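Take a look at the letters that make up each chain.
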Amino acid sequence: MEGGDEIIFTGAYKDFKLGIRFDLSGKEPKDAACALGYVSSKIEPYAFAFSGIDTKRIDEFAKPGGKGVGGVAAFLEKNPAGAMREKLSTAMKRPELMSVAGSYLINQLLVKAGVQFKIMPSPAVAPKEEKIEDFIGLIGNYKGWIAIKKLGLENVQDYEVSGILSGINHTIVNKAFDFAGMKKDDAAVDSVVKGKRKSYGNLATALRELETKLTGAPDDAYVVCKVCENLGYKPYASPEMLTAAYPDIKPPKVKGRKPKG
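Values in this document were obtained by computation on a predicted structure and should not be read as measured data. (Residues numbered from 1 in each chain as written. Predicted model: local features only at pLDDT ≥ 70, side-chain atom pairs only at ≥ 80, totals over all residues. Heavy atoms only, no water.)

So, the overall build of the protein chain
Part 1 of the argument: Helix and strand content of the protein chain: nine helices and five strands.
Part 2 of the argument: Put simply, the protein chain runs from its N terminus to its C terminus through helices and strands in the order β-β-α-α-α-α-α-β-β-β-α-α-α-α.
Part 3 of the argument: Rg of the C-alpha trace for the protein chain: 18 Å, near the compact-globule value of 18 Å for 261 residues, within the 12% margin.
Part 4 of the argument: If one aligns the C-alpha atoms of the protein chain with their principal axes, the spans along those axes are about 50 × 40 × 30 Å.
Part 5 of the argument: Classification of the 261 residues of the protein chain by burial places 51% in the buried group.
Part 6 of the argument: Excluding contacts between residues fewer than 6 apart, the proportion of contacts in the protein chain whose partners are at least 24 apart in sequence is 73%.
Part 7 of the argument: Put simply, the protein chain shows about 12,200 Å² of open surface, and 50% of that area lies on carbon and sulfur atoms. (Helix = DSSP H or I, 4+ residues; strand = E, 2+ residues; numbered from the N terminus. Rg over C-alpha atoms; globule rule 2.2 N^0.38 Å. Buried < 20%, exposed > 50% of the residue type's maximum accessible area, 1.4 Å probe, protein only. Contact = heavy atoms within 4.5 Å. Areas by Shrake-Rupley, 256 points an atom, 1.4 Å probe, with all protein chains shown as cover.)

See the structure below:
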């Protein structure tokens, strides 16, 4: 931490390995946002993969009906909720993982439909190689923001690795919105989620309503993310998705907005 403003990630487990450091000395907040976006892009696939779901099977199922949020809505409209849950159940080791499978499904639908829902990495912000330590962890120190999250690897289980990666991912996805200086248009979010409970059908309706409100600006990513989140389907890996199957994984503390359902 004495090195000044920086973001470090280190860790290796089975087929996952990542050791990187971003020197953010003199860098703008948007550069820190892109650095966090880079870390998220590298760890999130493994957060899902180590959770106990078959990501490849869901990948085969997640085929949006076109580009944009309308393409995601089209998929949800085409597939009855019961049929989707039955399909997702074949990609889970245990039924309590349905929330993980649902989160991953929405994540992949958005990705394949070309919809931005979090801060993406930028080629202008390149990491340096960092030594791999005997733990999985994130150290973030930038303009007063400090984050330290670590998990030792002795006798660790897959779901625990999923838990630490999801916890880090939850933190950096949301902090990246802050550093990017995005306009958090919660009024637009409320306008399409208000009065709706958690269901794939309601998410499809909300995305259809949102389709006409999006401007194509980077700020849209926040709105799309929070619409999904407020209807109970976080489109990114978070500890909350794991708690039903693994009660010792605690959900993140809620600040401000709470998802419905």
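There is more to say, and it comes next.
A look at the state of the cysteines
Part 1 of the argument: Taken as a whole and assessed by the stated rule, the structure comprises zero disulfides.
Part 2 of the argument: The thiol sulfur of C34 is not disulfide-bonded, and the nearest other cysteine sulfur, from C225, lies at 16 Å.
Part 3 of the argument: Exposure remark for C34: the relative accessible area of 17% places this residue in the buried category.
Part 4 of the argument: Its sulfur unpaired, C225 is 7.2 Å from the next cysteine sulfur, which belongs to C228. (Disulfide = S-S within 2.5 Å.)

Thoughts on the pairing of strand 2 (residues 16–23)
Part 1 of the argument: For strand 2, the tally of buried residues reaches six of eight residues, placing the bulk of the element in the interior.
Part 2 of the argument: Across eight bridges, strand 1 (residues 6–13) lies against strand 2 in antiparallel orientation. Among the inter-strand pairings, E6 is bridged to a residue of strand 2, identified as D23.
Part 3 of the argument: Pairing between strand 2 and strand 3 (residues 128–129): two bridges, direction antiparallel. Residue pairing across strands places I20 opposite E129, the latter belonging to strand 3. (Pairing = 2+ DSSP bridges.)

Focus: the pairing of strand 4 (residues 135–142)
Part 1 of the argument: With seven of eight residues buried, strand 4 is to be regarded as a mostly interior element.
Part 2 of the argument: Strand direction decides the pairing type here: strand 1 and strand 4, joined by five bridges, are antiparallel. Bridged to I8 within strand 4 is I139.
Part 3 of the argument: The turn linking strand 4 back onto strand 5 (residues 145–152) is made up of two residues, and K143 within it adopts a positive phi angle of 45 degrees.

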